[in-house]
Amino acid sequence: MRPKELGLFVFVQYLLILQFKTTFCFPIVSKVAFNHKTRKEMSVDSSEKYLTPITPDQVRLEIKDPVDSTALTQAKDIIKELRTSDDDTTLDGTVDPARLMSVAKKLGDISETMTTYIATKDECKAAFEGLSDVDRNALENIHARVLAFATAQRQSVTDCVIDIPGGKAGHTVSPCS
């Protein structure tokens, strides 16, 4: 019986590693996408890609900085440009709406002629409906996964009170700034 926390793909690979002391080449991108609403497969144009087979003794633990240093510097500069604080040494402060418009235009995120960065509900709906079936399905699947995780995560953070000799012990969960 497979452990519940392992997906079928991972479990099959795990069994093969145990049995043959090696990993195998599995496709990681199929030509089929799954539509979570209709529970049917959709055709996707892509080339198959394979994992490189390696043996367990070839696996190495690498601890890398998850953020590229250039990207981090650029992100900090953008945040400083957005903040209302004139102190260049801090990332504190609120975002200035005028500065946000200026930076968004400079980076090409919105056109020079736009006067707002807020999209209406109708504009969002039109953009969503204008997507290809594959892109729309991808967004719907992402939404379903994020919602499922966020719901489970929120439900895991709850107040707790238990009876103990002489009274009660527990904690409460509340937002903080």
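Basis of the calculations
- Residues numbered from 1 in each chain as written.
- Predicted model: local features only at pLDDT ≥ 70, side-chain atom pairs only at ≥ 80, totals over all residues.
- Heavy atoms only, no water.
- Helix = DSSP H or I, 4+ residues; strand = E, 2+ residues; numbered from the N terminus.
- Buried < 20%, exposed > 50% of the residue type's maximum accessible area, 1.4 Å probe, protein only.
- Areas by Shrake-Rupley, 256 points an atom, 1.4 Å probe, with all protein chains shown as cover.
- Pairing = 2+ DSSP bridges.
- Patch = residues over 30% accessible without salt bridge, like charges linked within 9 Å, V, L, I, M, F, W, Y side chains within 5 Å.
- Salt bridge = Lys/Arg side-chain N within 4 Å of Asp/Glu carboxyl O.
- Axes fitted to C-alpha atoms, helices over the stretch in contact; angles between N-to-C directions.
- Parallel < 35°, antiparallel > 145°, perpendicular 65-115°, else oblique.
- Contact = heavy atoms within 4.5 Å.
- Nonpolar A, V, L, I, M, F, W, Y, C, P; charged D, E, K, R; others polar.
- pLDDT = per-residue confidence, 0-100.
- Expected span 1.5 Å × (residues − 1).
- Polar contact = N/O pair within 3.5 Å; in protein donor to acceptor, adjacent residues only side chain to side chain.

Let us look at the overall build of the protein. In terms of regular secondary structure, the protein is built from 5 helices and 4 strands. Reading the helices (α) and strands (β) of the protein from amino to carboxyl end gives α-β-β-α-α-α-α-β-β. A total of 177 residues make up the protein; the buried ones form 9% of that total. Total accessible area on the protein stands at roughly 14800 Å², and carbon and sulfur atoms take up 59% of it.

Attention now moves to the pairing of strand β4 (residues 167–171). Bridge count between strand β3 (residues 160–164) and β4: 5 bridges; the pairing is antiparallel. What sits directly across from D163, in β4, is K168. The hairpin turn running from β3 into β4, its antiparallel successor, is 2 residues long, and G166 in that turn takes a positive phi close to 90°.

Below, the discussion takes up a nonpolar patch on the surface. Residues F128, L139, I142 and V146 make up a contiguous nonpolar surface patch of roughly 330 Å² in combined accessible area. At 3 residues, the largest contribution of residues to the nonpolar patch is made by helix α5 (residues 133–156). With respect to the helices and strands, L139 occurs in helix α5.

Running from N to C, helix α2 (residues 69–82) and helix α3 (residues 97–106) cross one another at 140°; their axes reach a closest spacing of 8 Å. Considering their axes alone, α2 and α3 lie oblique with respect to each other. Counting all contacts with α2, which are made through I78, E81 and L82, the residues of α3 involved are R99, L100, V103 and K106. The residue inventory of the contact of α2 with α3, partitioned by class, reads 4 nonpolar, no polar and 3 charged.

Another aspect to go through is the confidence of the model for the protein. On average, residues of the protein carry a pLDDT of 77, and 67% of them reach 70 or more. Ignoring residues within four places in sequence, the model shows residues 1–6, a span with pLDDT below 50, making 6 contacts including any to other chains. Low pLDDT (under 50) marks residues 22–34, which in the prediction has 49 contacts with non-local residues, meaning those over four places away or in another chain.

Here α5 is 24 residues long and its end C-alpha atoms lie 35 Å apart, about the 34 Å a rise of 1.5 Å per residue gives. Regarding α5, the residues found buried are N137, E140 and N141.

Okay, the pattern of salt bridges next. Per the stated rule, a full pass over the model turns up 4 salt bridges. Between D96 and R99 there is a salt bridge, with its nearest N and O atoms 3.9 Å apart. Given the relative accessible area of 28%, R99 is considered partly exposed.

An ideal rise of 1.5 Å per residue puts 20 Å on 14 residues; α2 measures up with 20 Å between its terminal C-alpha atoms. Two or three places before T70, at the opening of α2, D68 has a side-chain oxygen 3.1 Å from that residue's backbone nitrogen.

Within the secondary structure, K168 sits in strand β4. The class for K168 is exposed, based on a relative accessible area of 59%. Once residues within four sequence positions are removed from consideration, K168 is found in contact with V161, I162 and D163.

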